[in-house]
Structures are given as structure tokens and as C-alpha cells.
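Letter by letter, the chains look like this.
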Amino acid sequence: MSHLQYTAKSHHLQWSIAQLTQICSQCYRDYCPKSIKHRKNVGLSKVSDVSLLVLLLLQAELGITSQRRFYRICHLFFCGNLLERSRFNRRTRQLIGVVQLIRQALNKPISSDTIVIMDSFPMPLCQPIRNHKAKVFKGLADIGYNASKHLWFYGFKVHMLVTLSGVMLNYVVTPASVHDIKVVDELLEGCKQTVVLADLGYLSQELKDKLGHKGYHLWTPLRQNMVGAKQHNNRQLLAWRRTIETRFSELCSLFDIEQTLARGLSGLQLRLEQFILAYNLKYFEIN
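Residues numbered from 1 in each chain as written. Predicted model: local features only at pLDDT ≥ 70, side-chain atom pairs only at ≥ 80, totals over all residues. Heavy atoms only, no water.

## Notes on helix H1 (residues 17–31)
For step 1, the next point in the chain: Between its first and last C-alpha, H1 extends 21 Å over 15 residues, near the 21 Å set by a 1.5 Å rise per residue.
For step 2, the next point in the chain: Those residues of H1 lying buried are Leu-20, Ile-23, Cys-24, Ser-25, Cys-27 and Tyr-28. (Helix = DSSP H or I, 4+ residues; strand = E, 2+ residues; numbered from the N terminus. Expected span 1.5 Å × (residues − 1). Buried < 20%, exposed > 50% of the residue type's maximum accessible area, 1.4 Å probe, protein only.)

This is the structure in C-alpha cells:
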């Protein structure tokens, strides 16, 4: 993209509304499918798709998790001339595919020599005491174990693929009980980076051989009681792998991404897409 230049260094997203509008307009022209750009009566829309994209990025940047509160704030920008609330929610959810295409397009400038890291974090939907009573996302979410916090939780698990510099390349959402190894193929789909770092949750010779046949080099630490663990567990590689924990912490502190008020799959996907796009834009500078 001519107006955005990738940089490995993160900076705080401090673009003005005019700059965000410029970026969203260019992205919308370049990556939005014609079936959406030229849909029937699109010129009669009270609020354009580009304006909605700008608002979604602002919502993520401001860390607003409540759609009701966000809708009220939007009236300040449009002086009350905004879509009716239910229509506003439908229009923003219709942009999920567009936001996803833009996010994927921004990944293209990243070098294939870049090291990537995969890991997962929990997205609980209730307190542990209500694990067996919760009905939110019934039939989709389930109970899983969070090893880092030593507790069982009801909800989802978000698996992510992140570059060493911090750009979120891909993500997969599964029920909490799904093991990390089961979504590796889907997580690495379309990934041009070949060196992948992971934690002990991905320790599997079968998985390593399988990825090796596909051209990927998977590195995971060995358990302390395994032969050659001391030589294999390189401190530098361990430090690099742990940087994904920092990225997850940033997503939680900036966007509170582990907590969700969404009650539908489309709302959950939109939340993740807009927050990840807003986070990734921190690694791009206006050229």
C-alpha cells in the first residue's frame, strides 16, 4: 500500500480522524469486493462503509467493549444523524469480511524470513463457579483448563500466530477444551514464514514431522527430564517465544480482549477482527 509502510517497531496509534479516514478509504477501495462496494442503493446509505470502518477502529482504540455505550458515543460524531441502533449493528457486522481482508492484506509486506510464534489464550464467558450453569453460547463453548492460572473455565480458546515484532498474522477460535495441536494446520494456512516457535503444549514429534513435510521448521522446548533438553532449550529462543505472552498482555490491557460482551458469533468475530486490525496498525506508519 502506498500510504502505509510496515515497520517492525510498534508505536501508539495516534492518527487523527482525517488520517484514519484516508487509510480506511484507500483500504476499502483496494480490498473491498465489488459485490459490496457496488451493491444496490449503496449511494443512498446514511452512513458510508468507510465511516463505519473508522468508527470501528476508534472503538478498538478507545477500548470500548459495550456496543450500547459505543453507539451513544457515535452520536457525538454524527450530531445525532446516525443509523438506528439495530441497523447500525447490522451494518457493522456486514463489514466483518472487509475488515478481515484488510487485515490479511496488511500482512503481505512482512518478510518470509520473519520468525513467527503460536500460542493460545483463554476467553472465559463466566466466573468458574458458574461453569456448569452458564448458557451463553450453549453448544459452541465448553469447559477447558487454563494451565497458567490453574483453573477450569467455560468459554472459548483463541489460538494466535504472531510475528516476533508483534504483528498478529492469524487467529482461530475454538471451544475451550480443544487442544492447541488440533488447530495448527488451520492457524498456519497461507503462512509464508517457515520458522515457528511454540511452547510445550505443541511438543509432538508427529506434529514436527508433519509440518516439516510442508516446509515449516517447528521449535518447541523440551521437558527437563528429556534427553538433550539442556542443550536444546536455547535461552534466546525461549526468550523470543515468550514475547507472545507480552502481546497477549498488551491485547488485554489495551482492548480487554479476554472479556467479551458479545452474545453471537458474528459479534464475537467482529470484536476480534477490529481489535486485531487496530493493534496491527500500530506497526505501520504513514508514508
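## Looking at the packing of H1 against helix H3 (residues 49–62)
For step 1, the next point in the chain: Between H1 and H3, whose axes approach to 9 Å, the crossing angle comes to 125 degrees. Comparing their axes, H3 and H1 come out oblique. Two packed elements cross with a definite hand, and for H1 against H3 that hand is right-handed. Seen from H1, the contacting residues are Ile-17, Leu-20, Thr-21, Cys-24, Ser-25 and Tyr-28; seen from H3, they are Asp-49, Val-50, Leu-53, Val-54, Leu-57 and Leu-58.
For step 2, the next point in the chain: Grouping the constituent residues of the contact of H1 with H3 by class yields nine nonpolar, two polar and one charged. (Axes fitted to C-alpha atoms, helices over the stretch in contact; angles between N-to-C directions. Parallel < 35°, antiparallel > 145°, perpendicular 65-115°, else oblique. Left-handed = near helix turned anticlockwise from the far one by under 90°. Contact = heavy atoms within 4.5 Å. Nonpolar A, V, L, I, M, F, W, Y, C, P; charged D, E, K, R; others polar.)

## A closer look at unusual backbone geometry
For step 1, the next point in the chain: Notably, His-150 is not glycine yet its phi reads approximately 55 degrees, a positive angle.
For step 2, the next point in the chain: Note that His-150 resides in the loop between strand S3 (142–146) and strand S4 (151–163).
For step 3, the next point in the chain: In this structure His-150 comes out as exposed when scored by relative accessible area, which is 62%.
For step 4, the next point in the chain: A positive phi angle, near 50 degrees, is found at Asp-256, a position not held by glycine.
For step 5, the next point in the chain: Topologically, Asp-256 is positioned in the loop between helix H11 (243–255) and helix H12 (265–280).
For step 6, the next point in the chain: Accessibility expressed as a relative area gives 35% for Asp-256, which makes it partly exposed.

## What about H3?
For step 1, the next point in the chain: Under the 1.5 Å per step criterion, the end-to-end length of H3 is 20 Å for 14 residues, consistent within 8% with the ideal 20 Å.
For step 2, the next point in the chain: Of all 14 residues that make up H3, eleven are buried, and the element is covered over most of its length.
For step 3, the next point in the chain: Considered for burial, the residues of H3 that qualify are Asp-49, Val-50, Leu-52, Leu-53, Val-54, Leu-55, Leu-56, Leu-57, Leu-58, Gln-59 and Ala-60.
For step 4, the next point in the chain: Once H3 ends, the next one or two residues include Gly-63, with phi positive near 70 degrees.

## Side note on the nonpolar core
General note: in soluble globular proteins, nonpolar side chains tend to be found buried as a group.
For step 1, the next point in the chain: Judged by nonpolar contacts, the single largest core of 85 residues is most densely connected at Leu-53, Phe-88, Met-118, Met-160, Leu-161, Leu-188 and Leu-251.
For step 2, the next point in the chain: The biggest single contributor to this core is H3, with nine residues.
For step 3, the next point in the chain: Taken domain by domain, the makeup of this core includes at least three residues from each of domain 1 (15–105) and domain 2 (114–254).
For step 4, the next point in the chain: Once residues within four sequence positions are removed from consideration, Met-118 is found in contact with Met-160, Leu-161, Val-184, Leu-187, Val-196, Leu-197, Ala-198, Tyr-202, Leu-218 and Ile-244. (Core = buried A, V, L, I, M, F, W, Y, C linked by side-chain atoms within 4.5 Å. Domains from an automatic or database assignment.)

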